[in-house]
Amino acid sequence: MENMTNPHLQVCGINKSFGNVRALLDVDFSVRRGEVMALVGDNGAGKSTLMKVLAGAYSYDSGDFLIDGKNVTINSPTDAANQGIQIVYQDLALCDNLDVIDNLSLGHEPTKGGIYKLLPKSLRPLDMLKMTQKAHAAIEKLKVKTLRSTSLEVGVLSGGQKQAIAIARAVSSDSSVVLLDEPTAALGVSQTAQVLDIVSTLKKSGHSVVYISHNLKDIFQVADRITVMRLGEQIAIYETAKITPQELVVAMTSGVETDSQDKKDLADAC
Amino acid sequence: MLANSELKSKNIFANITQSKFSTFLPVALALIVIWLYFGLTTDAFFSARNFYYLFLQSTVVAVLAVGITIVLLLGHIDLSIAAVAGVGAAIMAVLVSQFGMSAPLACVIAIFTCILIGVVQGLLVAIIGIPSFVVTLAGLLGFQGVMLKILGNDGAINVRDSFIRGITTETLPTTTSWIILAFVILFMIYNAYINYKERAALSLEVESIFISTLRVSIVTLISITFVWVMNSYRGIPVAIVILLCLTLLFSYVTKNTPYGRALFAVGGNEESARRVGISIQKTTIYAFAIIGGVSALGGIIAASRYASVSYNAFSGNLLLDAIGAAVVGGTSLFGGRGSVWNAILGALVIGSLGNGLDLTGATTADKLMVSALILVSAVAIDAISRKKGKKV
Ligand SMILES: Nc1ncnc2c1ncn2[C@@H]1O[C@H](COP(=O)(O)OP(=O)(O)OP(=O)(O)O)[C@@H](O)[C@H]1O
Ligand SMILES: [Mg+2]
């Protein structure tokens, strides 16, 4: 078992510019195993950009990327996936016309072996048994109680169920880090509760979860620590238990007095 | 646990309409209504002879409709299928009748040429990013020109080669077709049984026994009736055997392979497909290659049927009939929804309307107007079911 207080995924001194726009300035960020790290900040603070860097969707200009303390190179989403990093985009990226089973395996469907190996990979028969089992395992793991059947088209599911499927897809592959970009932005009260449930489940199963949200209530409910970003900089890291929502709002909107909170103790050393 | 309690629901009707197997119901119903109508209003409609010619007549449209279904699934359209079919048929006819090439070889060359045509159109769509509507509209015009060039001054070449003619004049011996049918049915039952057992053993969701039995029985009943009707006239024409094999192949590809899933995914949500690592470009280019080859096959069957390749045969209703057949069969013009088997039923709807209206002595004007009505209704159903959110 890894030491629970060492960061599992860590980036140090990340810089990222889009032309003249400096979106990330010397950002340090980390998340431990079995931890929910919230990422907050005003619009345009750089949260999504940092998330996409972590997921390999954006390359960064300078900085270090570490997994369990070891330097790794992440240049593409595939690199990130190989390191166990999965992202759930805000728009979910599901295909409404396919059923739950298909969506969960999309892009890397298991196929039958044996004599079928003579065929090109994309023309081999799908291993529907394995696909179904995989889907059931993923759904079971997330305890999506309201889903009646995995052979339902995703298009007929509720927003919360879809969200659950998108998360299930991220965790069904061998993932250790799950990045969630505003997963509850479009959801109602009960569906939000469902997603927060899933986040807790992930946490309990030892995943590192990064959770972006503008909803402070949700954040105070699920997060262990909170990273605050402002104008491309990481300005503070708090332990959720030791801060009030009011203080957090002040930090997000007007920055932090350097001596107002000893954030260094909470940050994982780079 | 995802129990199959839902599938045990007492409501049999809901049970049937909720199963994936149900998508053929609307078009099958339409077909039955059309057949009943013409059967009651004309004497000649319900005869083995008429059905034989109806099926044979519908084969070319059905082949093209099955092919275009692949492109429609992807969310694209191909307006050049009839023109490309004409080019394929013309190449085959010239090679056979003017260069004395053996017919099978000429067919292979024609099909490969049209696959290449498809690849080029696919490249223009996938790599350059021109809408398929525009690329294939240009293709429609251009390849009609190419067809005319190949056919020469007369605008037509006669095809008397016995191999080519045999495609639509030869039939399977009756005993052979019964034996094949028996094997197909046994295989289907065996498959359903194995599938059921494997899933039950792993306590996975299983299709209710009622639905499985119903599905197998319906398909069995239809195929026995089909073979019986065809055999009581002349037997099953080779062209229909080709159509059925082609559809079986495409049914496998679209429903049971990663490529098929990619087709549905790209047609359903291109951006999502891209993010899970599906290559939109490859998927698109392959689809256009397929429709190119299928078009040539349709062209060759048409050449066999008419014993000639003429400009008129490939520039008239063929394109719209084929797209209409696919859409009437429930394949969405918006992508991501459809079935190749239903395309055959759609082709039969279009063919039966033509055939029945002929028998009732309707004019071309009537036929055109009825076809338009059917097509618009089919597309309207497609658009409404899309708006309603998937459920039909
Ligand atoms: N692809 C891009 N090209 C140019 N500028 C970009 C790009 N992506 C982000 N930016 C800029 O980087 C900054 C940070 O954007 P980012 O999307 O990370 O903000 P955010 O914190 O996620 O905000 P929100 O809460 O609104 O989602 C913004 O100024 C934005 O304009
Ligand atoms: Mg954002």
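Along each chain, residue indices are assigned from 1 in the same order as the chain's sequence is written. All chains are assigned letters beginning at A, and all ligands numbers beginning at 1, according to the order in which they are written. Per-residue local features of the predicted model are confined to residues with pLDDT of at least 70, and side-chain atom pairs are confined, for both listing and counting, to 80 or more; whole-chain, interface and lining totals are unaffected and use all residues. Excluding hydrogens and water, the side-chain figures rest on all heavy atoms present in the structure.

Q: Run through the overall build of chain B, naming residues and quoting values.
A: Secondary structure assignment for chain B yields 17 helices and 2 strands. Between the two quantities, the radius of gyration covers C-alpha atoms and the globule rule is 2.2 Å times the number of residues to the power 0.38. Relative to the 2.2 N^0.38 estimate, which gives 21 Å for 392 residues, the radius of gyration of chain B is 21 Å and therefore close to what a compact globule would have. On the principal axes, the C-alpha backbone points of chain B span a range of 70 × 55 × 40 Å. Residue pairs in contact within chain B that sit at least 24 positions apart in sequence constitute 79% of those at least 6 positions apart. Surface summary for chain B: the accessible area is close to 18,400 Å², and the carbon and sulfur share equals 68%. Helix numbers and strand numbers start at the N terminus; a helix is a DSSP run of H or I with at least 4 residues, a strand a run of E with at least 2. Residue contacts are counted whenever heavy atoms from the two residues lie within 4.5 Å of one another. Using a 1.4 Å probe, the Shrake-Rupley method yields the accessible areas, and only the shown protein chains count as cover for residues.

Q: Can you tell me about helix α1 (residues 47–54) of chain A, naming the residues and giving the values?
A: Of all 8 residues that make up α1 of chain A, 6 are buried, and the element is covered over most of its length. The cut-offs for exposure are 20% and 50% of the maximum accessible area for each residue type, with area from a 1.4 Å probe on protein chains only; residues under the lower value are buried, those over the upper are exposed, and the others partly exposed. Considered for burial, the residues of α1 of chain A that qualify are Lys47, Thr49, Leu50, Met51, Val53 and Leu54 of chain A.

Q: Before we move on, could you go through unusual backbone geometry and cite the residues and values that matter?
A: Residue and element names in this part refer to chain A. One non-glycine residue, alanine 93, lies in the positive phi region at around 60°. Here alanine 93 shows up in the loop between β6 (85–88) and α3 (100–105). On the basis of relative accessible area, alanine 93 is assigned to the buried category, the value being 4%. With a phi close to 50°, leucine 231 is a non-glycine residue in the positive phi region. Topologically, leucine 231 is positioned in the loop between β9 (225–230) and β10 (233–239).

Q: Describe a nonpolar patch on the surface, listing the residues and the values that go with them.
A: Patch construction takes residues with relative accessible area above 30% that form no salt bridge. Like charges are linked within 9 Å, and nonpolar side chains (Val, Leu, Ile, Met, Phe, Trp, Tyr) are linked within 5 Å. Whenever Lys or Arg places a side-chain nitrogen within 4 Å of a carboxyl oxygen from Asp or Glu, that contact is recorded as a salt bridge. On the surface, Val120, Leu123, Leu124, Ile127 and Ile128 of chain B cluster together into a nonpolar patch covering about 430 Å² of accessible area. Take leucine 123 of chain B: it is sitting in helix α5 (residues 103–128).

Q: Could you give an account of the interface of chain A and chain B, naming the residues involved and the relevant values?
A: Taken residue by residue, the interface counts 37 residues in chain A and 30 residues in chain B. The term buried area refers to how much accessible surface (probe radius 1.4 Å) is lost by two components on association, counted for both of them together. Carbon and sulfur atoms supply 59% of the area buried between chain A and chain B, which totals about 2,900 Å² over both sides. Linking chain A to chain B there are 2 salt bridges. Two N or O atoms count as a polar contact when they lie within 3.5 Å, although within protein this holds only if one can serve as hydrogen donor and the other as acceptor, and sequence-adjacent residues are included solely when both atoms are side-chain atoms. Taken together, chain A and chain B are joined by 9 residue pairs in polar contact (both at pLDDT 80 or more). The element that contributes the greatest number of residues to the side of chain A that touches chain B is helix α4 (residues 128–142) of chain A, accounting for 7 residues. Residue classes follow a fixed rule: Ala, Val, Leu, Ile, Met, Phe, Trp, Tyr, Cys and Pro count as nonpolar, while Asp, Glu, Lys and Arg count as charged, and any other residue, Gly among them, counts as polar. Among the residues forming the side of chain A that touches chain B, the class breakdown is 15 nonpolar, 11 polar and 11 charged.

Q: Pulling in residues and values, what's your account of the sheet that holds strand β5 (residues 70–71) of chain A?
A: All names here are of chain A. Any two strands with at least two DSSP bridges between them are considered paired. A sheet is described by the order of its strands in space; here 4 strands give the open sequence β2-β1-β4-β5, paired in antiparallel fashion. The outermost strands of the open sheet, each flanked by one partner alone, are β2 (21–32) and β5. Where strand β1 (residues 7–18) and strand β4 (residues 62–67) come together, 5 bridges link them in antiparallel fashion. Within β4, the position partnered with cysteine 12 by the bridge is aspartate 64. Angles here are taken between N-to-C directions and fall from 0 to 180 degrees, while the axes themselves are lines fitted to C-alpha atoms, restricted in helices to the stretch in contact. Strands β1, β2 and β4 of the sheet are contacted by α1, whose axis makes an angle of about 60° with β2.

Q: Describe the confidence of the model for chain B, naming the residues involved and giving the relevant values.
A: Residues and elements named next belong to chain B. pLDDT is defined as a per-residue confidence score from the predictor, taking values between 0 and 100. Here chain B averages 90 in pLDDT, and 93% of its residues register 70 or above. Mean pLDDT per element in chain B: helix α1 (residues 12–18) is the minimum at 53, and α5 is the maximum at 98. Every residue in residues 1–10 is under pLDDT 50, and counting partners more than four places away or in other chains gives 18 contacts. Reported confidences for the modelled complex are a pTM of 0.86 and an ipTM of 0.86.

Q: Would you mind going over the layout of surface pockets in detail, with residue names and values included?
A: All names here are of chain B. Buriedness for pockets is judged along seven lines, at least five of which must meet protein on both sides within 12 Å for an open set on the 1 Å grid over protein atoms alone, while cavities are sets there where a 1.4 Å probe fits but cannot get out, and lining residues have an atom within 4 Å of a point. Grid points are joined across faces, edges and corners, and a volume is the space filled by probe spheres set on the points. Looking at the second largest pocket, its volume works out to about 940 Å³. Lining the second largest pocket are 34 residues; nearest its centre among them are Val61, Asn317, Asp321, Ile350 and Gly354. For the lining of the second largest pocket, the elements supplying multiple residues, two or more each, are α3 (48–73), α13 (280–306), α14 (311–315), α15 (318–328), α16 (340–359) and α17 (364–388). Here the element with the most residues in the lining of the second largest pocket is α16; it accounts for 8 residues. Here the residues of the lining of the second largest pocket are counted per class, giving 19 nonpolar, 11 polar and 4 charged.

Q: Describe the packing of α5 of chain B against helix α6 (residues 132–151) of chain B, listing the residues and the values that go with them.
A: Residues and elements named next belong to chain B. Close contact between α5 and α6 brings their axes to 9 Å; oriented N to C, the two are set at 145°. α6 is crossed by α5, and the crossing has right-handed handedness. When α5 is examined against α6, the residues Ile117, Gln121, Leu124 and Val125 are found in contact with a partner set consisting of Ser132, Val135, Thr136, Gly139 and Phe143. A breakdown of the residues in the contact of α5 with α6 according to their chemical character gives 5 nonpolar, 4 polar and no charged. A clockwise turn of the near helix away from the far one marks a right-handed crossing, whereas an anticlockwise turn of less than a right angle marks a left-handed crossing.

Q: Pulling in residues and values, what's your account of the environment of isoleucine 243 of chain A?
A: All names here are of chain A. Note that isoleucine 243 resides in the loop between β10 and α8 (245–254). Isoleucine 243 gets classed as buried once you look at its relative accessible area, which sits at 8%. Between the alpha carbons of isoleucine 243 and phenylalanine 220 there is a distance of 9.4 Å; along the sequence they are 23 residues apart. The residues touching isoleucine 243, leaving out its near neighbours within four places in the chain, are Phe220, Tyr238 and Leu248.

Q: How would you summarise helix α2 (residues 25–41) of chain B if you had to cite specific residues and measurements?
A: Residues and elements named next belong to chain B. Taking 1.5 Å of rise per residue, the 17 residues of α2 would be expected to cover 24 Å, and the 24 Å separating its terminal C-alpha atoms lies within 8% of that figure. Those residues of α2 not exposed but buried are Val27, Ala28, Leu31, Ile34, Trp35, Phe38 and Gly39. The buried residues of α2 occupy an angular sector of 125° when projected down its axis, which confines them to one face. Residues of α2 that are exposed and point over 90 degrees away from its buried face: Leu29, Val33, Tyr37 and Leu40. Residues of α2 that are buried make contact with α3, α15 and α16. Working rule for helices: expected span equals 1.5 Å times residues minus one. The directions considered for the arc are those from the helix axis to the C-beta atoms.

Q: Provide a residue-level description of the site of ligand 1, including the pertinent values.
A: All names here are of chain A. By convention in these notes, a residue is near a molecule or strand provided one of its non-hydrogen atoms lies within 4 Å of it. In the vicinity of ligand 1 lie 13 residues, with Asn43, Gly44, Lys47, Ser48 and Thr49 positioned nearest. One of the side-chain nitrogen or oxygen atoms of lysine 47 is found 2.7 Å away from an oxygen atom of ligand 1. Contact distances for ligand 1 include 2.9 Å between an oxygen atom and a side-chain N or O atom of histidine 214. The class makeup of the residues in the shell around ligand 1 is 4 nonpolar, 6 polar and 3 charged.

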